[in-house]
Amino acid sequence: MSNSYKDAYEKSLNDPNSFWGSVAEDCHWYKKWDKVLDDSNKPFYRWFTGGEMNTCYNALDIHVDKGNGDRTALIYDSPVTDTKKTYTFKELRDEVAKFAGVLNSMGVEKGDRVIIYMPMIPEAAIAMLGCARIGAVHSVVFGGFAPNELATRINDAKPKVIISASCGIEVKKKIPYKPLLDKAIDLSESKPNATIIFQRPMEIASLQDGRDYDWATLMSDAKPHGCVPVKATDPLYILYTSGTTGQPKGVVRDNGGHLVALKWSMKAVYNIDEGDVWWAASDIGWVVGHSYIVYAPLFKGATTVMFEGKPVGTPDAGTFWRVISEYKVKSMFTAPTAFRAIKREDPEAKLVKNYDLSKFEILFLAGERTDPDTLHWSERNLNVPVIDHWWQTETGWAIASNCMGIERFPVKAGSPTKAVPGWNVQVVDADCNVLPVGQIGAIVVKLPLPPGTLPTLWQNDDRYIKAYLEEFPSYYKTADAGFIDEDGYIYVMSRTDDIINVAGHRLSTGAMEEVLANHPDVAECAVMGVEDQLKGQVPLGFLVLNAGVTRDHAEIVKEAVQMVRDMIGPVAAFKTATIVKRLPKTRSGKILRGTMRSIADKKEYKVPATIDDPLILEEIEESLGKVGYGPKAN
Ligand code: COA
Ligand code: AMP
């Protein structure tokens, strides 16, 4: 690997064939590619066309075949169940091969979809890798989503089989998953042939004869299945993420480009080598979990830690330091919100002193902008570099980072540093003109995107083009706004759409508005993300009631909150709404969301010249004050 960022960056953009072609030599291929970058069907660029490989082989078998089967592949640490378990590469390979055999015996074949709705247990990773082993396409759904969201994904992906567990555990609370799954299957038009349920001892789910199968029983007489060669361009997974409507976007990831980019990123971005211990404290339901709990560390032959717990409360704010010291974690990756939670409980970081963190080298943060307070608190108390890096579900890996395995740059608070090799990042105005240094605009990436990024949306090329490629021709629209400074540092300031980021979880306010609009007393509504000390942002609802509604307002708000919880899930963290007489609008009828957000966040704002009725802002301040927001909050 080049030890100059400039060399690597320029080569990756000027000669992507040679750059990624040589990176790909580090992976196992049954058949080498015909083309590294295939641009024969623009704007649908493909990587490694003609190549054949298997993702699971590259994650597990390759290490066993190289004689490293006894190295630790996965450490499961679950303070919520008081369990610790390790798997060597050979043990994990054998379990995955058996589970692939189970899937195969249930008729799952290459290209079939399998939905995985599971908590943070090793079986979730085994299920994902089992799918990859036989070329099936997995779609993991985060456990905090409600049955309705799961049903939407079932309808879109049309899985042959759904894999789940009897329950998840949220700190001390047991969440039975099976009733949620049953409800989702009832709600969906597309029905799976079967479900496989991993029974956890704290909750035994009832199984429906002929449809639901017990994981352990199936595994006890499963025949191991080998790795099935797939095309590099075949889909490995679909991961649904929030779009601007209630219909989530099915981000597709292919096999070959994903393998090449992720394996490379482990060293280039994270400075992780074979045999190192790495920990991504996220959830397999998110892209971070896919890329950096499961696939990338295993491709690299590193040990991955899978943690079923929270940064606080399981049992205390020292749990991260306990895991780092117990497993000699070299580097970890989490969201800033996790560190804010720890900082809130243990502001002076007293608990750090109880643990030996001498092996810990780097803390990586992503999912939302790292605020300077959290950055400096973490640097001061951990005494390691704290690296903010920026990426999205769509991109699958970092667009901008301080590449710790290539060349290290000084950290500038508020910036995820520079574009990673492979990413031609620009800032443009509404007419797609590249803006000068320091000017805020839309952050876009010149096509082609590097390998490992989304080639399209699941069975929806049109939406892919409309959502990402249409507004700025020949660029990928990140839907983030920001600027690039004179040293090439990127600053990501805000989204340009109605996506909000709640505790590192990506949510659509549009989807919440769709739910609220169904309340029988609600005539109009708006949801926006307002600042929150812990979660970064939380959603806040404004409800305008139908004329003549005389019911108790508190009751209506309670029902509205419950509706979002029931339809989207607890993860939405929609807990506050306020009833207003009208929403402030421009004369052309556009809701003044920015102004309302500024009021809620106690920021200065100018009364927009286009407002239809300026007096209404006074009323909004009053209503916000009653729910604890804005200048009139008590
Ligand atoms: N299954 C079921 N329910 C879940 C769930 C899951 N997998 N994950 C979260 N939930 C529920 C929680 O129980 C909570 O429900 P509640 O309203 O009944 O309390 C709700 O969804 C919100 O959960 P969460 O966002 O985790 O908030 P929290 O207040 O429980 O914890 C943090 C706050 C900051 C500690 C927590 O969000 C955290 O650790 N975040 C790390 C960020 C992260 O992993 N980001 C991923 C990208 S890197
Ligand atoms: P997700 O698809 O859930 O990973 O969310 C992606 C979005 O989170 C991005 O488009 C950004 O808005 C935001 N995001 C992620 N990482 C960062 C970061 N390091 N700095 C600023 N915003 C970030």
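What counts, and where the lines are drawn
- Residues numbered from 1 in each chain as written.
- Chains lettered and ligands numbered in written order.
- Predicted model: local features only at pLDDT ≥ 70, side-chain atom pairs only at ≥ 80, totals over all residues.
- Heavy atoms only, no water.
- Pairing = 2+ DSSP bridges.
- Helix = DSSP H or I, 4+ residues; strand = E, 2+ residues; numbered from the N terminus.
- Axes fitted to C-alpha atoms, helices over the stretch in contact; angles between N-to-C directions.
- Expected span 1.5 Å × (residues − 1).
- Contact = heavy atoms within 4.5 Å.
- Near = heavy atom within 4 Å.
- Polar contact = N/O pair within 3.5 Å; in protein donor to acceptor, adjacent residues only side chain to side chain.
- Areas by Shrake-Rupley, 256 points an atom, 1.4 Å probe, with all protein chains shown as cover.
- Nonpolar A, V, L, I, M, F, W, Y, C, P; charged D, E, K, R; others polar.
- Domains from an automatic or database assignment.
- Phe/Tyr/Trp six-rings, centres within 6.5 Å; stacked < 30°, edge-to-face > 60°.
- Buried < 20%, exposed > 50% of the residue type's maximum accessible area, 1.4 Å probe, protein only.
- Bend = angle between axes of the 7 residues up to and from the residue.
- Buried area = accessible area lost by both parts, 1.4 Å probe.
- Salt bridge = Lys/Arg side-chain N within 4 Å of Asp/Glu carboxyl O.
- Core = buried A, V, L, I, M, F, W, Y, C linked by side-chain atoms within 4.5 Å.

(A) Quick peek at the sheet that holds strand β24 (residues 441–446). With antiparallel pairing, four strands are arranged side by side in an open sheet as β23-β24-β25-β26. Taken across any chain shown, the strands that pair with only one partner, and hence form the sheet edges, are β23 (425–428) and β26 (490–495). Ignoring which end each strand starts from, the neighbouring axes of this sheet average 50 degrees apart. Sheet topology places β24 next to strand β25 (residues 475–484); six bridges connect them, and they run antiparallel. Across the sheet, residue A442 finds its bridge partner in β25, namely A481.

(B) Broad picture of helix α16 (residues 553–567). A rise of 1.5 Å per residue sets the reference length of α16, with its 15 residues, at 21 Å; its end C-alpha atoms lie 21 Å apart and thus fit the reference within 8%. Elements that come into contact with the buried residues of α16 comprise α15 (509–516), β30 (536–545) and β31 (576–579). Count one or two residues on from α16 and you reach G569, which has phi positive near 130 degrees.

(C) Local environment of the site of ligand 1. Every one of the 22 residues lining ligand 1 counts as a neighbour, but E170, K173, K310, P311 and R565 are closest to it. Measuring from an oxygen atom of ligand 1, one finds a side-chain N or O atom of E170 at 2.9 Å. Between ligand 1 and K310 there is a distance of 2.6 Å, counted from an oxygen atom to a side-chain nitrogen or oxygen. Contact with the protein chains hides 84% of the accessible area of ligand 1, taken as 950 Å² for the molecule alone. Looking at the shell around ligand 1, its residues break down into ten nonpolar, six polar and six charged. Shared between two domains, the shell around ligand 1 takes at least three residues from each, and those domains are domain 1 (5–309 + 389–482) and domain 2 (505–626).

(D) The packing of aromatic side chains, seen in detail. If you walk through the whole model with that rule in mind, you get 40 aromatic pairs. With a centroid separation of 4.9 Å and 85 degrees between ring planes, the pair formed by F19 and W20 is classed as edge-to-face. On the basis of relative accessibility, which here comes to 8%, the residue F19 falls in the buried class. Measuring from ring centre to ring centre gives 5.8 Å for F19 and W264, while their planes differ by 75 degrees; the resulting arrangement is edge-to-face. Note that F19 is positioned in helix α2 (residues 16–24) and W264 in helix α9 (residues 256–268), a separation of 245 residues in sequence. Here F19 and W264 have matching classes, each one buried.

(E) The environment of T88, seen in detail. Among the secondary structure elements, T88 is positioned in strand β5 (residues 83–88). Under the relative-accessibility criterion, T88 is labelled buried at 16%. Sequence-wise, T88 and N68 are 20 residues apart; in three dimensions their C-alpha atoms are separated by 8.9 Å. The residues touching T88, leaving out its near neighbours within four places in the chain, are G69, D70, R71, T72 and A73. A polar contact of 3.4 Å, which involves the side chain of T88, links it to the backbone oxygen of G69.

(F) Molecular detail of helix α3 (residues 55–68). Along α3, the largest kink reaches about 45 degrees and is centred on D61. Along α3, the positions that sit buried rather than exposed are T55, C56, Y57, N58, A59, L60, D61, I62, H63, V64 and N68. Among the residues of α3, the N-terminal cap falls to N54, whose side-chain oxygen and the backbone nitrogen of C56 are separated by 2.8 Å.

(G) Inspection of the domain arrangement of the protein at higher detail. As assigned here, the protein comprises domain 1 (5–309 + 389–482) and domain 2 (505–626). Distance between the C-alpha centres of domain 1 and domain 2: 34 Å. For the pair domain 1 and domain 2, the two sides together bury roughly 1,100 Å², of which 49% comes from carbon and sulfur. Viewed at the interface, domain 2 and domain 1 are joined by one salt bridge. The residue R506 makes a salt bridge to E394 at a minimum N-O spacing of 2.9 Å. One can count eight residue pairs in polar contact (both at pLDDT 80 or more) joining domain 1 with domain 2.

(H) Up close: the pairing of strand β14 (residues 235–241). Within β14, six of the seven residues are buried, leaving the element largely enclosed by the surrounding structure. Two elements, β14 and strand β15 (residues 249–254), share six bridges in a ladder whose sense is antiparallel. By the bridge assignment for β15, Y240 is matched with G250.

(I) Geometry of the nonpolar core. I163 and Y292 are the most contacted members of the largest nonpolar core, which has 128 residues in total. Ranked by size, the runner-up nonpolar core spans 66 residues in total, among them V137, I500, V522 and V544.

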